[in-house]
Amino acid sequence: MPETIESEVLIVGAGPVGLTLAIDLAWRGIDVTVVETRARAEPPEPKCNHVAARTMEIFRRLGLSEKVRNAGLPADYPHDISYRTTFTGPELARIPIPCRRDRFTRTDGPDCNWPTPEPPHRINQIFLEPILFEHAAVQPRIHIINRTSVEDVMVQDTSADVTLRDLETGAVRRLSCRYLIGCDGARSVVRKAIGAELTGDAVVQRVQSTFIRAPDLIDRQQHASAWGTGAINPRRSGMVYAIDGRERWLVHNYLKPAEADFDSVDRDACIRTILGVGADFSYDIISREDWYGRRLIANKFRDRSAFVAGDAAHIWVPYAGYGMNAGIADAMNLSWLLAAHLNGWAPASILDAYEAERWPITSQVSRFAMSHAEAEIRRRGAVPDDIEDAGSQGDLARREVGRLAYEINVQQYACAGLNFGTYYDRSPVIAYDGAEHPAYTMNSYTPSSVPGCRTPHLWREDGSSLYDAMGPEFTLLRFDPAVDVAELEAAARKRGVPLKILDIERPNTAIFYDGGLVLSRPDQHVAWRGDRLPADPLALIDRVRGAAN
C-alpha cells in the first residue's frame, strides 16, 4: 500500500502561474504543495516574453517586482518594437518602449504615464521563472516536489486524491488535498480529470519558432536594437525577440495558409530570409519551439474541489503577450477566494465566484487577441512587392506598411485596456450599484470605481503608492475621515473578515465618482462603494465574503 500524504492545497505545475499562485497563497497563510515534472533548476521553454503592468503590481505586493525588473535584458537595452523589411534591413516603423534603466523616467512612449506603480517589463520566461521558483522554494508554507507526475486524479466534494509518480525511480505514493489546482498547461491532467473540454478555434495560425544563438547578429543591424523586431517582406513575415540582449534570439516564422506542416517548410532558409543574412552567416539552433495559435477555452474551470487556471483553462493566440499574464490573473482571483475560505472567514460558497468572474473575462480577452491576430494575418498577406525597391515608389510602400504596422501593433504592445480595463460584471461577491462599467478595448480604458473594476491607482500626497498602503485583504478607502464607518468595522469583526480602514485625500479626478467610501477586495477590485455606509453593513460583509442569501 503506497504512502499517503496530505496537503491543504495541491498545485500541479510549477510554471509562472502555479508558482505565483503558491507564493500568494503562502503569503495569505495557506500551506501549499507544488508538483512539477521538470527537475529543479531545469530551464523552461523560452515562451513568455512580457510581464504586464498588472502582473508587476502583483509582484510588487509579493515583494518580487524589483528583482524581476532587474533581470532579463541589459539595463540600457531598448524595449522598443521595430518593424523592418528584414532584421538587418531598413526600418519601417518603431514603437518606443523604455529600457528598464529609463522605465520610471521616460514619459514619451505609448505605455508611459500609465496610472500604476509598476509599468510593464520585457523579460523572457527563462529569467522570470527561476526568480519565482527560488522565492517559492524558501517559503516555509510551500513544498515543491520536482521530477514527479500527477496521475489517477480523483475529485470529490470536499477533497481530491492523486497518485504521485517519481519520474526517477518510478515509486508511487498517494496525496490527499482539500483543493486541487491544475496549472499544468495545455495538456492538463487536472482539466481532463474534471471533465472540462476545450472549445473554440483549434488553429488560427502556425508559427515555426526557433530559439537560436547568434553572437554576430546584433552588429549587423542598420538601426538601433529593439526587444522585438518584425520582418515584413513579400517572401516571409516573422518576429525576432531579443532574449539576453547579446546572442540569444527567438525567431518566429509565421507560416502561410498553405503551409500546414512545420517540417515541410525550410527552417534554415526562412530564418535567413527573416534575418536578412546570406549562407555565410553562422548561427546555432538551441531548440525548436513551434506552436499553433489557438483560441480555446475550457467549458468549465471547476469541478467541486478541483480548479484549472492559466493554459489549463484557456489557450489563445499570444498577441499582447497576455497568455501568462491572464493565467496569473486567474491565479490571483482564485488565491484570495481559497484563502478566505481556508482561513475561516468565508464559506465554501465564495469559491463559486472564481468561474463566475474569470470565465467571462477569459472569453472576452481571447476575442480581443483573436481580432488582433486576424488583423495581423491580413497585413502579412498583403505586403507590396515593391517594399524593398529603391526610389520613391519603394519609399511610399515602406511608409504605408510602416504606418499600418504601427497602428495595428501599438495596440498589443501598449495594451492599457488588457492591463487595467477588465471588470467583473456578474459576480456573486460584488455589491453593484447600477452604474455602467466603462467600456475598454485592447489598448484603451477609463479608470473607474464602479464595483467590479480594478481599484484605481493613485499617488498619495507624500508620493507613496495607494497600493502600498492598502491591506492584504479588504481595504476601505475613506476620502472623508468624518464619515463614520464604525458599524462596518464591527460587522467585519463579527464575521472575522480582515478589514483595513485607509484614510486618503480625495483626488482631483472623477475616477472615484459617487461617494467617499470605496471597498477594495484582496485582489484590488472594487467590491462596493458609496457616499455613506449601507443601511445593513452586515449584509454587505456577507455579500463580499460569499455568504449572501
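The structure under discussion appears in the preceding block.
Definitions and limits used
Every chain is numbered on its own, with residues counted from 1 as its sequence reads. Given that this is a predicted model, residues contribute local features only at a pLDDT of at least 70 and side-chain atom pairs are listed and counted only at 80 or more, while totals for whole chains, interfaces and linings are drawn from all residues. Derived side-chain values reflect all non-hydrogen atoms in the structure, with water molecules and hydrogen atoms excluded from consideration. Only runs of H or I of at least four residues qualify as helices and only runs of E of at least two qualify as strands under DSSP, and these elements are numbered from the N terminus. What the globule rule says is 2.2 Å times the number of residues to the power 0.38, and the radius of gyration is computed from C-alpha atoms. The cut-offs for exposure are 20% and 50% of the maximum accessible area for each residue type, with area from a 1.4 Å probe on protein chains only; residues under the lower value are buried, those over the upper are exposed, and the others partly exposed. In what follows, residue pairs with any heavy atoms lying within 4.5 Å of each other are defined as contacts. The charge count treats Lys and Arg as positive and Asp and Glu as negative. His and the chain ends do not count. Where a charge sits is defined by one atom per residue type, namely NZ (Lys), CZ (Arg), CG (Asp) or CD (Glu). The rule for pairing is simple: two strands pair if DSSP sees at least two bridges between them. Buried and open spaces are told apart on a 1 Å grid over the protein atoms alone, a cavity being a set of points where a 1.4 Å probe fits but cannot get out and a pocket being an open set with protein on both sides within 12 Å along at least five of seven lines. Residues with an atom within 4 Å of a point are the lining residues. Grid points are joined across faces, edges and corners, and a volume is the space filled by probe spheres set on the points. Basically, the charged four are Asp, Glu, Lys and Arg, the nonpolar ten are Ala, Val, Leu, Ile, Met, Phe, Trp, Tyr, Cys and Pro, and anything else, Gly included, counts as polar. Here, nonpolar core refers to any group of buried Ala, Val, Leu, Ile, Met, Phe, Trp, Tyr and Cys residues whose side-chain atoms link them within 4.5 Å. Axes here mean lines fitted to C-alpha atoms, for a helix over just the part in contact, with angles spanning 0 to 180 degrees between N-to-C directions. Any Lys or Arg side-chain nitrogen located within 4 Å of an Asp or Glu carboxyl oxygen qualifies as a salt bridge. In what follows, a disulfide is any cysteine sulfur pair within 2.5 Å.

Caption draft 1: Broad picture of the overall build of the protein chain. A tally of helices and strands in the protein chain yields 13 helices and 23 strands. In terms of overall dimensions, the protein chain is globule-like: its C-alpha atoms have a radius of gyration of 24 Å, near the 24 Å expected for 549 residues. Here the protein chain holds 549 residues, and 59% of them are scored as buried. When contacts within the protein chain are restricted to residue pairs at least 6 apart in sequence, those whose partners lie at least 24 apart make up 71%. Charged side chains of the protein chain number 63 positive and 74 negative; the gap between the two group centres comes to 1 Å.

Caption draft 2: Layout of the pairing of strand β14 (residues 248-254). Counting buried residues along β14, 6 of its 7 residues qualify, which places the element largely inside the surrounding structure. One ladder, built from 7 bridges, connects strand β11 (residues 198-213) with β14; its direction is antiparallel. Among the inter-strand pairings, Gln-208 is bridged to a residue of β14, identified as Asn-253. Of the strand pairs in this sheet, strand β13 (residues 237-242) and β14 are connected by 5 bridges, and their pairing is antiparallel. Residue pairing for β14: Ala-242 is matched across the bridge by Trp-249. Counting the residues in the hairpin turn of β13 and β14 gives 5 residues, including Gly-245, whose phi is positive at 75°.

Caption draft 3: Representation of the layout of surface pockets within the structure. Considered as a void within the structure, the second largest pocket measures approximately 330 Å³ in volume. For the second largest pocket, the lining is made up of 19 residues, of which Leu-255, Lys-256, Pro-257, Arg-380 and Gly-381 are closest to its centre. Listed by contribution, the elements that provide at least two residues to the lining of the second largest pocket are β11 and α8 (352-380). Of the residues forming the lining of the second largest pocket, the biggest block, 3 residues, is contributed by β11. The class makeup of the residues in the lining of the second largest pocket is 8 nonpolar, 4 polar and 7 charged.

Caption draft 4: Molecular detail of empty space enclosed by the protein. Applying the stated criterion to the full structure yields 3 cavities of 30 Å³ or more. Its volume calculated, the largest cavity comes out at about 240 Å³. Lining the largest cavity are 23 residues, and of these Arg-54, Ala-329, Arg-358, Tyr-424 and His-525 lie nearest its centre. The set of elements that each furnish at least two residues to the lining of the largest cavity consists of α2 (53-61), β19 (314-316), α7 (323-342), α8 and α10 (416-421).

Caption draft 5: Spotlight on the nonpolar core. Counting residues in hydrophobic clusters, the biggest one holds 92 residues, and the most contacted among them are Ile-11, Leu-25, Phe-59, Leu-180 and Ile-181. It is α7 that provides the largest number of residues to this core, a total of 11 residues. Contacts of Leu-25, omitting those with residues within four sequence positions, involve Val-9, Ile-11, Ile-30, Val-32, Ser-335, Leu-338 and Ala-339. The next biggest cluster of nonpolar side chains, apart from the first, holds 60 residues, and it includes Ala-52, Ala-53, Tyr-83 and Ile-232.

Caption draft 6: The sheet that holds strand β21 (residues 499-503), seen in detail. If you trace the 4 strands from one edge of the open sheet to the other, you get β21-β20-β22-β23, paired in mixed fashion. Single-partner strands in this sheet number two, and they are β21 and β23 (526-530). If you compare each strand with its neighbour and ignore which way they point, the axes differ by 15° on average. The pairing of strand β20 (residues 474-478) with β21 spans 5 bridges and is parallel. By the bridge assignment for β21, Arg-478 is matched with Asp-503.

Caption draft 7: Quick look at the pattern of salt bridges. A complete count under the given rule lists 42 salt bridges for this structure. The partner of Glu-168 in a salt bridge is Arg-147, and the shortest N-O contact between them spans 2.8 Å. With Glu-168 in the loop between β9 (160-166) and β10 (172-182) and Arg-147 in the loop between β7 (142-145) and β8 (148-155), the pair connects residues that are 21 residues apart, well separated along the chain. With relative accessibility at 58%, the residue Glu-168 sits in the exposed group. Of the residues examined, Arg-147 reaches a relative accessible area of 26% and is grouped as partly exposed. Because the salt bridges share partners, they merge into one network encompassing Asp-24, Arg-28, Arg-61 and Glu-473.

Caption draft 8: The arrangement of the state of the cysteines in detail. Scanning the entire structure with this criterion turns up 0 disulfides. With no disulfide of its own, Cys-112 lies closest to Cys-99 among cysteine sulfurs, the gap being 11 Å. Since its relative accessible area comes to 7%, Cys-112 is described here as buried. The thiol of Cys-415 is not disulfide-bonded; the next cysteine sulfur, from Cys-48, is found 14 Å away.

Everything listed here is a matter of geometry and, on its own, says nothing about what the molecule does.
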